[in-house]
Amino acid sequence: MTSYRPLHEGWTISGADVSDLPAPVPGCVHTALLAAGRIEDPYLDANETGLTWIGRTDWDYRTSFDFDPSAPRVDLVCAGLDTVASIELNGSPIGQTANQHRSYRFDVGPVLRPGTNDLKIKFKSAYAYALEAQAKLGARPDAYGEPFNFIRKQACNFGWDWGPTLVTAGVWQPIGLHSWSVARLAEVRPQVTVTDAVGRVEVRVRLERESSSPVTVSASLGGRKASAMVDGIEALLILTVEDPSLWWPRGYGSQPLYDLEVSLTSEDGDELDSWSRRVGFRSVRIDTTHDAFTVIVNDVPVFARGVNWIPDDVFADRITRDRLAERFQQASDANVNFLRVWGGGRYESEDFYSLADEMGFLVQQDFLFACAAYPEEEPYASEIEAEARENVVRLSSHPSLVLWTGNNENLWGHEDWNWKPALGGLTWGAGYYYDLLPRVVAELDPTRFYWPGSPYSGNPSRHPNDPAYGTTHIWDVWNTDDYSKYGAYRPRFVAEFGFQGPPTFATLRRAISDDPLAPDSPGMAHHQKAGGGDAKLSRGLVNHLPPPRDFDDWHYLTQLNQARAVSFGITHFRSLRPLCMGSVVWQLNDCWPVTSWAAVDGDGRKKPLWFAMRDAYADRLLTLRPRSGEPLTPGGPLFDVASGEPFVDPADPALIVVNDSRQPWVSSAVITRRNLTGDVLARFESDFDVAPGSSITLPLPSSAAEPTEFLLVESGDQRAWWFFAPDKDIPWPAADFTTHISTRGELTTLTVTARTILRSLTVFPDRLSASAEADRADVTLLPGEAAVFTIRSTEPLDEKQLVTRPVLRCVNDL
């Protein structure tokens with residue numbers, strides 16, 4: 001018999017001047033202090049800066065529990081301790097830990113006693129541990145001057161260019177007592193494949209024993225059963241399913257999942273242990289022939305319409321399944337099919353992966369190394385192998401997982417970030433990325449593809465971030481160059497690119513008390529973590545949009561510029577299909593309120609970028625490029641920020657039609673050249689037939705155009721715009737429009753009818769109510785056209801304010 005008793009009640013923490021403070025488990029010191037009112041919310045204003053002492057303090061967790069040990073074996077099971085811990089039960093040491101990314105199990109039977117038992121976990125300061133190791137092994141380069149590479153802990157706890165420095169400690173995952181006898185299921189590793197319409201599940205089981213008695217391992221799935229009597233500690237069971245329903249990524253088909261049940265019984269037939277998981281049948285491979293990088297599922301090439309994922313909160317106990325489901329729905333509604341779990345966070349949770357399985361997301365999971373050189377000496381080598389083995393086994397049965405990646409940007413850093421002189425021959429992680437991790441994946445998850453890093457060019461002899469090979473990160477755009485430079489790239493798979501913008505106004509107002517708000521006011525400055533971030537935001541506007549007159553203009557324009565920049569990158573990369581087969585935006589989400597690259601801000605609100613991403617990732621896409629092969633740029637030629645000179649002069653345009661749907665796209669496109677009053681100066685129509693998963697190029701007739709003219713391409717409900725000058729140089733007419741508002745319950749309908757052309761019309765109802773959200777953004781209207789915005793709000797909205805600045809905006813009003 002087996003039983004599990006959670007130990008989540010009655011915990012207290014002590015450290016610094018804190019004594020016996022009640023603490024939630026799972027949780028961490030920060031959330032315990034916050035719940036007790038002992039600290040201010042670290043997400044508000046600059047409160048974070050006064051809380052660095054928490055990560056530099058040793059903390060004691062204590063609880064007592066009554067227990068009557070009756071089973072031959074009782075284990076203390078710690079699913080996750082953060083991070084360097086010494087554990088005592090009834091005054092006896094029972095174990096130590098030094099890795100947040102793995103679980104630990106300790107036999108506590110000999111020290112348990114009938115009645116009251118006292119459990120104590122002493123957490124050493126993560127800073128103290130990491131700095132001691134750094135001094136012993138020698139400092140190694142990292143991106144932020146913090147010692148996160150010397151402790152197996154979530155790296156972004158130590159601060160990032162989008163995240164706060166909040167170094168946590170505590171019992172962050174479930175903890176409890178597992179009582180068992182005879183034997184238990186120590187590891188269950190199903191390997192699911194499908195070949196020639198036959199599904200096969202190889203269930204590998206490893207036992208831990210307290211007795212040498214024979215036991216029986218059984219497995220069942222879809223009405224199929226297999227069992228084996230086991231005298232040792234390993235068993236292999238094989239189940240086959242004829243013509244199984246295939247699991248597909250979202251947009252390509254359904255996501256059928258099969259219940260896999262594994263049980264362990266004694267020779268008397270008593271159940272000793274059980275395990276269950278839902279699995280899916282699909283084939284997946286990554287095609288890297290001819291320097292490509294293409295995800296192929298069930299023999300169908302899939303363009304990765306992706307986003308990067310970071311931990312959704314600094315404090316993991318606040319990330320519930322419902323919160324993940326909300327974020328996943330936001331990704332799905334934005335037409336995303338691919339999530340990359342970034343290597344500075346965590347191996348994501350069972351909730352994360354089960355939701356990905358159910359909703360049809362493809363997942364790339366980084367091993368947890370990011371932006372630093374990592375020591376390969378002990379105890380790190382052993383800890384990293386243990387964490388890799390545990391997490392590969394834990395996640396390998398999920399059909400959503402398609403790719404393991406060795407690290408984030410460490411191969412690139414070693415090559416380009418001046419690490420080699422600083423290292424002077426010290427280890428830096430190469431042994432992990434090129435040897436240990438691929439060995440672990442090959443042994444434990446042999447059907448899954450492993451890639452040594454992101455970015456990586458497929459061969460150690462090449463520059464690791466060569467866009468012509470494998471996967472690439474594009475960060476000269478944002479850091480130094482205008483976003484139009486995306487158009488100069490011809491990459492195979494873009495694993496990171498992005499552009500910053502501030503969070504929504506309601507999020508800013510909740511998190512920052514500055515009065516008035518300004519781009520450089522103290523709270524705004526604190527919630528901008530990127531080096532030179534505000535200057536880059538301003539520089540990004542220069543080539544495209546009018547200068548802001550006040551904070552309201554700045555907020556609108558920087559959010560709009562972020563949306564346009566990322567949309568331009570996505571549509572360019574998609575237009576290159578099949579040369580390029582992946583566009584993975586940095587990033588979907590934020591972990592706190594901050595100016596960042598995210599499409600969804602730290603309070604879960606959608607920024608204008610989210611709406612632009614939804615359109616750019618639509619199954620069917622129209623976009624414009626010159627015939628020369630270089631892309632047209634929204635607002636003119638490709639600008640070099642430093643010189644102001646164009647990268648490429650615009651050429652005669654061609655229309656690119658991209659079809660990522662599963663059905664042929666047979667239609668026609670109407671292309672008109674117009675002036676700012678909407679008059680049609682020229683008209684052209686072109687029929688097209690685009691096969692599923694492909695794109696075609698339609699040449700357009702040459703035409704000389706004035707800066708006050710533009711092209712409009714229309715096909716059904718699809719539109720693409722091309723203006724022959726940037727918005728800042730176009731003499732937009734003063735915005736003239738009428739509005740109509742109707743409200744029913746929580747829904748308000750705002751209809752805007754244009755009398756003049758209206759450029760990038762957007763409504764920001766969260767300025768009136770923090771609960772309010774519109775269903776669209778960045779709408780350009782011709783004279784006589786109308787746009788309907790549907791706004792959901794739990795509070796009434798002031799109708800006069802809803803239709804005036806700064807709530808209703810367009811470029812014309814600058």
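Scroll up a little and you will see the structure.
The structure presented is a predicted model; accordingly, all values stated were derived computationally and were not measured.

**Section: the overall build of the protein chain**
Line of reasoning, step 1. Within the protein chain, the secondary structure is distributed over 16 helices and 44 strands.
Line of reasoning, step 2. Scaling as 2.2 N^0.38, a compact globule of 814 residues should have a C-alpha radius of gyration of about 28 Å, and the protein chain matches this with 28 Å.
Line of reasoning, step 3. Overall, the C-alpha framework of the protein chain stretches about 90 × 65 × 65 Å when taken along its three principal axes.
Line of reasoning, step 4. In the protein chain, which comprises 814 residues, the share counted as buried stands at 59%.
Line of reasoning, step 5. Of the contacts formed within the protein chain by residues at least 6 apart in sequence, a portion of 69% connects residues at least 24 apart.
Line of reasoning, step 6. Working note: accessible area of the protein chain is about 29,200 Å², and carbon and sulfur atoms make up 48% of it.
Line of reasoning, step 7. In the protein chain, the 75 positive side-chain charges and the 108 negative ones have mean positions that sit 2 Å from each other.

**Side note on the pattern of salt bridges**
Line of reasoning, step 1. Tallying each qualifying case throughout the model produces 61 salt bridges.
Line of reasoning, step 2. For E187, the salt bridge goes to R206, with nearest N and O atoms at 3.5 Å. On the criterion of sequence distance, the pair formed by E187 in strand β13 (residues 183-195) and R206 in strand β14 (residues 198-209) is long-range, its members being 19 residues apart.
Line of reasoning, step 3. Two residues, R605 and D603, come together in a salt bridge whose shortest N-O distance is 3.3 Å.
Line of reasoning, step 4. The exposure class assigned to R605 is buried, which follows from its relative accessible area of 17%.
Line of reasoning, step 5. Here the salt bridges do not stand alone but share partners, grouping R73, D75, R105, D107, R184, E208 and E210 into one network.

**Notes on the sheet that holds strand β36 (residues 709-715)**
Line of reasoning, step 1. The antiparallel open sheet is built from four strands, whose spatial order is β34-β33-β36-β37. Both edges of this open sheet fall to β34 (680-690) and β37 (718-723), since each of them pairs with a single strand only. Direction aside, neighbouring strands of the sheet carry axes that sit 15 degrees apart on average.
Line of reasoning, step 2. Bridge count between strand β33 (residues 665-675) and β36: six bridges; the pairing is antiparallel.

What counts, and at which threshold
Residues numbered from 1 in each chain as written. Predicted model: local features only at pLDDT ≥ 70, side-chain atom pairs only at ≥ 80, totals over all residues. Heavy atoms only, no water. Helix = DSSP H or I, 4+ residues; strand = E, 2+ residues; numbered from the N terminus. Rg over C-alpha atoms; globule rule 2.2 N^0.38 Å. Buried < 20%, exposed > 50% of the residue type's maximum accessible area, 1.4 Å probe, protein only. Contact = heavy atoms within 4.5 Å. Areas by Shrake-Rupley, 256 points an atom, 1.4 Å probe, with all protein chains shown as cover. Lys, Arg positive; Asp, Glu negative; His and termini not counted. Charge placed at Lys NZ, Arg CZ, Asp CG, Glu CD. Salt bridge = Lys/Arg side-chain N within 4 Å of Asp/Glu carboxyl O. Pairing = 2+ DSSP bridges. Axes fitted to C-alpha atoms, helices over the stretch in contact; angles between N-to-C directions.

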